[in-house]
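# A structural walkthrough
What follows is each chain in one-letter form.
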Amino acid sequence: MKEQISNQANGFAMLFVGLLFLLGGIAVFILAISSENTFYLAIGLPSMVLGIIVLSGLFMIEPNEAIVLLLFGEYKGTAIEEGLRWGNPLFTKKKISLRTRNFDSQKLKVNDKKGNPIEVSSVVVWRVKDTYAASFKVEDYNEFVHIQSESALRHIASIYAYDTSEGETISLRSSVDEVSHELLKEVQTKVADSGVEI
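All of the points below concern the structure found in this document. (Residues numbered from 1 in each chain as written. Predicted model: local features only at pLDDT ≥ 70, side-chain atom pairs only at ≥ 80, totals over all residues. Heavy atoms only, no water.)

### Comments concerning the overall build of the protein chain
Operational definition: Under the DSSP-based scheme used, a helix requires at least four consecutive residues in state H or I and a strand at least two consecutive residues in state E, with every element numbered from the N terminus. With the radius of gyration taken over C-alpha atoms, the globule rule is written as 2.2 Å times the number of residues to the power 0.38. Burial status follows relative accessibility: with a 1.4 Å probe on protein chains alone, a residue under 20% of its type maximum counts as buried, one over 50% as exposed, and anything between as partly exposed. Here a residue-residue contact requires only that any non-hydrogen atoms of the pair lie within 4.5 Å. Residue-level accessible areas treat just the shown protein chains as cover; the underlying method is Shrake-Rupley with a 1.4 Å probe. Neither His nor the chain termini are counted; the positive set is Lys and Arg, and the negative set is Asp and Glu. The location of each charge is read from NZ of Lys, CZ of Arg, CG of Asp or CD of Glu.
Scanning the protein chain for helices and strands turns up 5 helices and 11 strands. Taken against the 2.2 N^0.38 rule, which gives 16 Å for 198 residues, the C-alpha radius of gyration of the protein chain at 27 Å runs more than 25% over that of a compact globule. Once the C-alpha set of the protein chain is aligned to its principal axes, its extents read approximately 100 × 25 × 25 Å. For the protein chain, with 198 residues in total, the buried portion stands at 37%. Across the protein chain, contacts joining residues at least 24 apart in sequence account for 63% of those joining residues at least 6 apart. Just so you have it, the protein chain exposes about 11800 Å², and 57% of that area is on carbon and sulfur atoms. Positive and negative charge centroids in the protein chain, built from 19 and 24 side chains respectively, lie 2 Å apart.

### A short note on the packing of aromatic side chains
What counts, and what does not: Pairing of aromatic rings covers Phe, Tyr and Trp, the last through its six-membered ring, and needs centres within 6.5 Å; plane angles under 30 degrees mean stacked, over 60 mean edge-to-face, and all others mean tilted.
Inspection of the entire model under this criterion finds 5 aromatic pairs. With 4.9 Å between their ring centres and 65 degrees between their planes, Tyr75 and Tyr132 make a pair best called edge-to-face. With a gap of 57 residues between them, Tyr75 in strand S4 (residues 74-79) and Tyr132 in helix H3 (residues 131-136) connect regions that are remote in the sequence. Per residue, the accessibility class of Tyr75 equals that of Tyr132, and both read buried.

### Concerning the layout of surface pockets
Threshold: Residues are said to line a cavity or pocket when one of their atoms sits within 4 Å of a point; the points come from a 1 Å grid over protein atoms alone, cavities being sets where a 1.4 Å probe fits but cannot get out and pockets being open sets with protein on both sides within 12 Å along at least five of seven lines. Grid points are joined across faces, edges and corners, and a volume is the space filled by probe spheres set on the points.
Considering only enclosed or pocket space, the largest pocket measures out at about 300 Å³ in volume. What lines the largest pocket is a set of 15 residues, and nearest its centre among them are Val120, Ser121, Leu153, Leu172 and Val179. Elements with a contribution of two residues or more to the lining of the largest pocket: strand S9 (117-120), helix H4 (141-159) and helix H5 (176-191). Sort the elements by how many residues they give to the lining of the largest pocket and H5 lands first, with 4 residues.

### Points about the pattern of salt bridges
Applied cut-off: Counted as salt bridges are all cases of a side-chain nitrogen of Lys or Arg within 4 Å of a carboxyl oxygen of Asp or Glu.
This model, assessed by the stated rule, comprises 6 salt bridges. Taking the shortest distance from any N to any O, the salt bridge between Glu74 and Lys76 comes out at 3.3 Å. Linking Arg127 and Glu197 is a salt bridge whose minimum nitrogen-to-oxygen distance equals 3.0 Å. You can see Arg127 sitting in strand S10 (residues 123-128) and its partner Glu197 sitting in strand S11 (residues 196-197), a full 70 residues away along the chain.

### Quick notes on unusual backbone geometry
In this structure, Glu36 takes a positive phi of about 55 degrees despite not being glycine. Relative to the elements of secondary structure, Glu36 occurs in the loop between helix H1 (11-35) and helix H2 (38-55). Phi at Phe72 takes a positive value of approximately 55 degrees, unusual for a residue other than glycine. Relative to the helices and strands, Phe72 is located in the loop between strand S3 (65-71) and S4. For Phe72, a relative accessible area of 71% corresponds to the exposed category.

### Brief notes about the sheet that holds S3
Note the threshold: What makes two strands pair is DSSP finding at least two bridges between them. The axes are straight lines fitted to the C-alpha atoms, using for helices just the contacting stretch, and the angles between their N-to-C directions are given from 0 to 180°.
The strand order S4-S3-S6 describes an open sheet built from 3 strands, whose pairing is antiparallel. The sheet is open, and its two edges are formed by S4 and strand S6 (92-97), each paired on a single side. The sheet shows a mean angle of 25 degrees between the axes of neighbouring strands, direction not considered. Strand direction decides the pairing type here: S3 and S4, joined by 5 bridges, are antiparallel. Within S4, the position partnered with Leu70 by the bridge is Tyr75.

In structure tokens, the structure reads:
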């Protein structure tokens, strides 16, 4: 797991610094124009530019949200502390929700262990646990969870009979808890590399 928590500076302090440079630069620039003194102009313009650069590094993190930070394509960490944060203005920032999600799979037509055609569906509850893996190990972690969950559901439905018969103690119909537990283990195994927790 390559999860890193970036210790980004407090956003309010950097907001103050950025505004100080920007407004100070504007004031000095106005002074330079009114006094026609190029010395003030040489101070005012760089101060305004510096203020804009500092302010461009501000970003917001909402509760149960993470921001993956990249610098020229290289992973630099994940910021998860909510509130107004500041990072290098050159960082590319990608938001990832850490909220719990669920999806109800469509009804799938499969054959049970005995070859009988049945329709099955499932509800999968999941969330992103490892933002690095979710961002870089799979193309689209949301779609990946859906496809792998349906694949696991097909497999589990095919290894158990719909009803119990002689010699079998677990069936899809009467052993819901046991089958659900097996489905959970199989889905978690299939999506383990994507940074998702079922």
